[in-house]
Each structure stands twice: as C-alpha cells, then as structure tokens.
Amino acid sequence: MNTWTTHQISNQFDEKQDYNLFATDTTLQEILQSYGSQDQTILNEMGQVVGSSEYYQYADLANRHTPILHAFDARGRRRDYIEFHPAWHQWMRINRQFDSHAHPFNQAESKSKWVDWAARFYLSGQVEGGSLCPTSMTLGSIPLIQREPELWAKIGDKLLSTEYDERDLPITQKKSIWLGMGMTEKQGGSDVRANETFAVPIGESGRGQAYMLTGHKWFFSAPMCDAHLVVAKTEQDGLACFFVPRWREDGTKNNIHVQRLKDKVGNRSNSSSEVEFQEAWGIMIGEAGRGIPTIIEMANYTRLTCSVGSTAMLRQALVQCLAYTRQRKAFGKHLAAQPLMQAVLVDLALETEAAMQLSFYLASCYENDDALSLAWKRIMTPASKFWICKRAVELTGETMEVFGGNGYVDNGIMARIFKEAPVNTIWEGSGNVMCLDVLRAIGREPESIEILFQDLAATAMQDERLKQELQTLFKLFQQPADELQFMGRSLVSRLTLLAQAVLLKRHAPEFIFNAFIQTRYSEFHGRVVGMMSAKQVDVERILERALAQDSSS
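The structure displayed is predicted, hence computed values, not measured ones.

### Thoughts on the overall build of the protein chain
Then, in step 1: The helix and strand inventory of the protein chain stands at 20 helices and 11 strands.
Then, in step 2: For the protein chain, the C-alpha radius of gyration of 24 Å lies close to 24 Å, the compact-globule estimate for 553 residues.
Then, in step 3: Dimensions of the protein chain, computed from the C-alpha atoms along their principal axes, are close to 75 × 75 × 40 Å.
Then, in step 4: Expressed as a percentage of its 553 residues, the buried residues of the protein chain come to 58%.
Then, in step 5: Sequence-distant contacts, at least 24 apart, represent 72% of the contacts inside the protein chain between residues at least 6 apart.
Then, in step 6: Of the roughly 23,100 Å² that the protein chain leaves accessible, carbon and sulfur atoms contribute 49%.

What follows is the structure, given as structure tokens:
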C-alpha cells in the first residue's frame, strides 16, 4: 500500500485549547490574592469551562454564523427579530451563570467585588468577545436604574438574575433581562450634543414620566436587548436619558425599527444595528437636561470593561504564542528557544502583565469613593482604555505573525482576536475622545491630578527613572489648554506607562518590574515589538511566569 508522503503532517500544531484559563495564570492568581478575593474556587471552575474545547468551538461557531435580521414576518408585519446561532446563546448563558454582568451588585458587601468581576470578564473575554457587549452594558446600566425606585422595583431582580432567558417577550414575562445603549447618531458620532432624536412627553414631563421618541440611531448596540438607555433631546429640558424597552408594558412591540445590522470587521457574533424610532415609548431616567452626564456614568463602567476586555485578548494571544512556539521547530530547534523569538515573547508577556495590573487595580478603585479612588477612576479609566486598547490592536497583529501564514488564515482564534481588538479602541469613545476626557477631568478637577501624582510619587521616587518621568510629566500637565490637547496622546500614553510601572513595582516580582523599566523607558520602545537587549531581561523567568511549561505547550 502506497502512502502519499506529501499528505503526512509534521511540525504543525493547532491553537491551544482544553486547558484551565485560571489555573495556568499565575499573575491572575497573585492579583486576586493581593486584593483579598474569596472567589478563586468558582473562578477556577469558570476557567475550566471557558477554556474547554467545547467553548472554543462555540466561540468559533458564533462568529462564523453571524446574526440574521428578520425585519418582517411572512405576512409583512414588523418583527425586528434577530436570529442567533445556538452557540451565541451558550456564551450568553455562561456569562450570566458566572455573574459576569452584575457581580459587584449581587455581592455588594464583598470588599473585592469589582476585582472578582474583572476576573470573570477577563476569563470570558479570552475566548469570545462579542457576548461581552451586552454583558458590559447591562453591568453599566445597573447603578443608573438603581436610582430610579419605581423602575428598579419592576426590573431590578431581572437585571441581577444569573438565569439566562433568551425568549423575546415583554419584560414582565421574563426571568432575566439585558440592557443596551443607544447614543450614536450619524450626524454627530462622539458629539452626543448634536443628537436629533426628539422626545415628547405623553402627559407630564420630567424624571420618571413617559415619552414618545422619534429619530434615528446610527449605532444601536445589541438590539435584541430587552431595553436600551437612549439619549434624546426634549423641547423644554434639553438632552435627557430614556429607558426604552423592546416591548411596551401593554405587551405590544415598541416602535423601534431595525433598519439593518452592521457588517463589522470583527465582533461578528454580536449584533450591532441601525434603528429608527417611530414614536417609541420610553421613560425618562436621571434628571431632566442631564442626559449626557447620565449616560456617561454608564460609559465610565463600560470603558473599564474595554480595558479588561483588551487585556483578555492580550493574554489569550500571548498564551497561544507561547504554546505554539514551544512546539513548532525552525532552523533546528523550537521557535521558543530562538533568541529573536524570545525577545518578541518577552515583550508580549511584559505588556500583558502591565495591562493586567492596571486593569485590576482600576477595577479595585470602583470599590471605594475616597478621593484617591475617585482620582484614579476619573483620570485613569479613559487613559487605560486609550492605551491598553491601542496596544491590543498592535500586539495582536504581532501575535498573528508568530503563527506565520497560519495566523493569517481566518479559521483560527488568532485572526479572530486580531479583528476583534479594534472594537475596544472605538466603542465608548475613540482614542482622541479618551485623551480629551483625561484632559477635561484634569481641567475641571485640578486637584485630582495632584492626588494621582502624589500617589504615584510614593512609589516612583524609589526609582530614579520613574522619579524623573513623574517630575517631567507633572510640569507638562501644567501647560495651556491648547498645547495640552495637541500633546494629548503623548501625555496620556506616558501617564499610563508610568502608572503601569508603579503598579508593577508594588505588586509584581522584581524581575518583572526591572524588565518593564529597562524596556519601556528605552529609546526604542514602541517602534517594533521585541526591541531589547538580552541583558535587560530575565527571559526564562518571565516566560515561565507567563505560562508554565506542560506537556501540551
């Protein structure tokens, strides 16, 4: 019997799966321990589930079989129904089951509730990113709805529920619900003040009253959510925020007409749409005339989710690269043993740990309302979203390259992560908007940057390079507004790097901190991944920490 030698496969390896995402992540375990988490048992369980080949397969299927809009039924009646592949529902169910959508509010007495939430979001986001969109919006909506007593009494338990209910029914008939957001209009984009959607009161006007909304939303996130928070203008009260359900209280479908689904580069499993309101029924939430501050409060939470989500992508890409290069051989030895590849892998490992330390520390700041926590939240939430999400776009391109041509083929997780990464740089405000938000926070609350720098100084003064950078940055932030804005990207990038270095000094092993300082405060940093000297880093310890050697990697 002849065997075609050209069909014998050697030196080819699939992407890593069927492993415990939690148990293999030393940095995550250390972070949780440092913040006093009591959730490591359940997080270990979640890491085993989402790291299984079954859930990798669900992620692949949900992104290949994208949502389908059924605008009308067979007889021409408006339906505005979006059909999802069953794999999507598996991911939505697991996020709900592990409380990724509401953990800080379900565990209000826990001192590590936000850090424990971040761990859930981070584990899930390593494998499937699209389902995190409705998850994060629901999370961000909860504190807003809690301040509306009548509305919270009706839907609060359904928002907090960990039972998944995929049925398309009025809220009163459901066990659990999801909330989305509708801000963006075609003429304004990030400039929400340019919105033209108009709300007219049915009877009395003001907070808690019913309105009819007419207008158009250019991006309407996750339209199958059970309700959305929508910004619209009113004749007497200016811009306001409205709770607009998919179904009206009388059981009829609300007049929210889905015009089309967006054909996105990535985030394919999740439906994003363009909708028209034709006197859609809604309730004003928040104070009249305070629509933008109300919705921006929700955005502050979802911006945090962008940082954690991009950190998850960095982690997954790093793990895949380590597992692959430890098996693949080239030029006589494993890729992971090639010095030039080691430089790339070390750079990826340092970037990932720095992103983790910042994302989780920022999440911990959401536990408290003291002046220091508020300063970190107000300034570093948009700063970290800008930097971590930008870095994820660049570095996921590098990680595709590690796989060579196989990484560029659109049937594996590397290509999916690469296409998913840009959404977090754009959603909830582009990079420029994030930098402007940092500068706006400093302009409105100058004491916040002083508090932040005092905190950074407590650690930075222990290292001469960080001390010099801190002093230089503090002076630069004193410039006139126009000069600050022109330098916005540079200043926010440097501020975020400084914050990461400080957090690594406080929480990471010394060999990680030293390597980060040596490489990030080098004239070559950021030009291309892997530009460093072997004398600057402890290669073996860094890569072993990133992913311990095992039989499959």
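That shown, we press on.
### A few points about the domain arrangement of the protein chain
Then, in step 1: Once the domains are mapped, the protein chain shows domain 1 (26-160), domain 2 (178-288) and domain 3 (296-546).
Then, in step 2: Counting from both sides, the interface comprises 34 residues of domain 1 and, opposite them, 28 residues of domain 2.
Then, in step 3: Together, the buried faces of domain 1 and domain 2 total about 2,500 Å²; carbon and sulfur atoms form 67% of this surface.
Then, in step 4: Inspection of the domain 1/domain 2 interface yields three salt bridges.
Then, in step 5: The shortest N-O distance in the salt bridge between Asp80 and Lys253 comes to 3.1 Å.
Then, in step 6: In this assembly, domain 1 and domain 2 are joined by 12 residue pairs in polar contact (both at pLDDT 80 or more).
Then, in step 7: Broken down by secondary-structure element, the contributors of at least two residues to the side of domain 1 that touches domain 2 are α3 (53-64), β1 (68-72), β2 (78-83), α4 (86-97), α7 (132-146) and α8 (149-160).
Then, in step 8: Counting residues per element, the side of domain 1 that touches domain 2 draws most heavily on α7, which supplies eight residues.
Then, in step 9: Considering only residue class, the side of domain 1 that touches domain 2 consists of 17 nonpolar, nine polar and eight charged.

### Observations regarding the environment of Gly76
Then, in step 1: Within the element layout of this structure, Gly76 appears in the loop between β1 and β2.
Then, in step 2: For Gly76 and Gly429, which are 353 residues apart along the polypeptide, the C-alpha to C-alpha distance reads 37 Å.

### Section: the UniProt feature "domain: Adaptive response protein AidB N-terminal" (unreviewed entry) in the protein chain
Then, in step 1: Under the UniProt annotation, the feature "domain: Adaptive response protein AidB N-terminal" (unreviewed entry) is placed at residues 11-166.
Then, in step 2: End-to-end, the C-alpha atoms of residues 11-166 are 43 Å apart, and along that stretch the chain is 56% helix and 7% strand.

### Observations concerning the packing of helix α16 (residues 464-476) against helix α18 (residues 488-507)
Then, in step 1: Running from N to C, α16 and α18 point in directions that differ by 145°, and their axes come no closer than 11 Å. For the element pair α16 and α18, the recorded crossing hand is left-handed. Contacts between α16 and α18 involve Leu466, Glu469, Leu470, Thr472, Leu473 and Leu476 from the former and Leu491, Arg494, Leu495, Leu498 and Ala501 from the latter.
Then, in step 2: Class assignment for the residues of the contact of α16 with α18 results in eight nonpolar, one polar and two charged.

### Looking at the pairing of strand β7 (residues 238-245)
Then, in step 1: Counting buried positions over the eight residues of β7 gives seven, a clear majority of the element.
Then, in step 2: Of the strand pairs in this sheet, strand β6 (residues 227-234) and β7 are connected by eight bridges, and their pairing is antiparallel. For Thr234, the partnering residue across the bridge sits in β7 and is Gly238.
Then, in step 3: Between β6 and β7, which pair antiparallel in sequence order, lie three residues.
Then, in step 4: Note that β7 and strand β9 (residues 272-285) share three bridges and pair antiparallel. Counterpart to Cys241 in the pairing with β9 is Ile285.

### Digging into the side chain of Arg315
Then, in step 1: By secondary structure assignment, the location of Arg315 is in helix α9 (residues 291-325).
Then, in step 2: In contact with Arg315, other than residues within four places in its own chain, are Thr24, Asp25, Tyr122, Gln126, Thr352, Ala546 and Leu547.

### Considerations on the packing of aromatic side chains
Then, in step 1: Here the structure, examined in full by the defined rule, presents 17 aromatic pairs.
Then, in step 2: When the centroid spacing of 4.9 Å and the interplanar angle of 85° are considered together, the rings of Tyr55 and Tyr58 count as edge-to-face. Within this pair, Tyr55 and its partner Tyr58 are both found in helix α3, separated by three residues, close to a single helical turn.
Then, in step 3: Overall, Tyr58 belongs to the buried group, its relative accessible area being 18%.
Then, in step 4: Centroid distance Phe105 to Trp114: 5.9 Å. Interplanar angle 85°. Geometry classified as edge-to-face.
Then, in step 5: On the basis of relative accessible area, Phe105 is assigned to the buried category, the value being 18%.
Then, in step 6: Connected via pairs of aromatic rings, a cluster forms that spans Phe105, Trp114, Trp117, Phe121, Tyr301 and Tyr366.
Then, in step 7: Between the NZ or CZ atom of Arg96 and the centre of the ring of Trp178, over which it lies, the distance is 4.4 Å.
Then, in step 8: Lying over the aromatic face of Phe219, Lys262 brings its terminal NZ or CZ to 4.7 Å of the ring centre.

### Quick word on the pattern of salt bridges
Then, in step 1: Scanning the model with the defined rule gives 35 salt bridges in all.
Then, in step 2: Note that Arg545 is salt-bridged to Glu30, the shortest N-O span being 2.8 Å. With Arg545 in helix α20 (residues 539-546) and Glu30 in helix α1 (residues 26-34), this residue pair connects regions lying 515 residues apart in the sequence.
Then, in step 3: On the basis of relative accessibility, which here comes to 9%, the residue Arg545 falls in the buried class.
Then, in step 4: A relative accessible area of 33% means that Glu30 is categorised as partly exposed.
Then, in step 5: Here Glu249 makes a salt bridge to Lys154, at a shortest N to O gap of 3.1 Å. Separated by 95 residues along the polypeptide, Glu249 in the loop between β7 and β8 (256-261) and Lys154 in helix α8 bring together distant segments of the chain.
Then, in step 6: Residue class for Glu249 comes out exposed when judged on its relative accessible area of 55%.
Then, in step 7: Here the salt bridges do not stand alone but share partners, grouping Asp347, Glu351, Arg391, Glu394 and Arg520 into one network.

Calculation rules
- Residues numbered from 1 in each chain as written.
- Predicted model: local features only at pLDDT ≥ 70, side-chain atom pairs only at ≥ 80, totals over all residues.
- Heavy atoms only, no water.
- Helix = DSSP H or I, 4+ residues; strand = E, 2+ residues; numbered from the N terminus.
- Rg over C-alpha atoms; globule rule 2.2 N^0.38 Å.
- Buried < 20%, exposed > 50% of the residue type's maximum accessible area, 1.4 Å probe, protein only.
- Contact = heavy atoms within 4.5 Å.
- Areas by Shrake-Rupley, 256 points an atom, 1.4 Å probe, with all protein chains shown as cover.
- Domains from an automatic or database assignment.
- Buried area = accessible area lost by both parts, 1.4 Å probe.
- Salt bridge = Lys/Arg side-chain N within 4 Å of Asp/Glu carboxyl O.
- Polar contact = N/O pair within 3.5 Å; in protein donor to acceptor, adjacent residues only side chain to side chain.
- Nonpolar A, V, L, I, M, F, W, Y, C, P; charged D, E, K, R; others polar.
- UniProt positions renumbered as here; feature names shortened; annotations may be inferred.
- Axes fitted to C-alpha atoms, helices over the stretch in contact; angles between N-to-C directions.
- Left-handed = near helix turned anticlockwise from the far one by under 90°.
- Pairing = 2+ DSSP bridges.
- Phe/Tyr/Trp six-rings, centres within 6.5 Å; stacked < 30°, edge-to-face > 60°.
- Lys NZ or Arg CZ within 6 Å of the ring centre and 35° of its normal.

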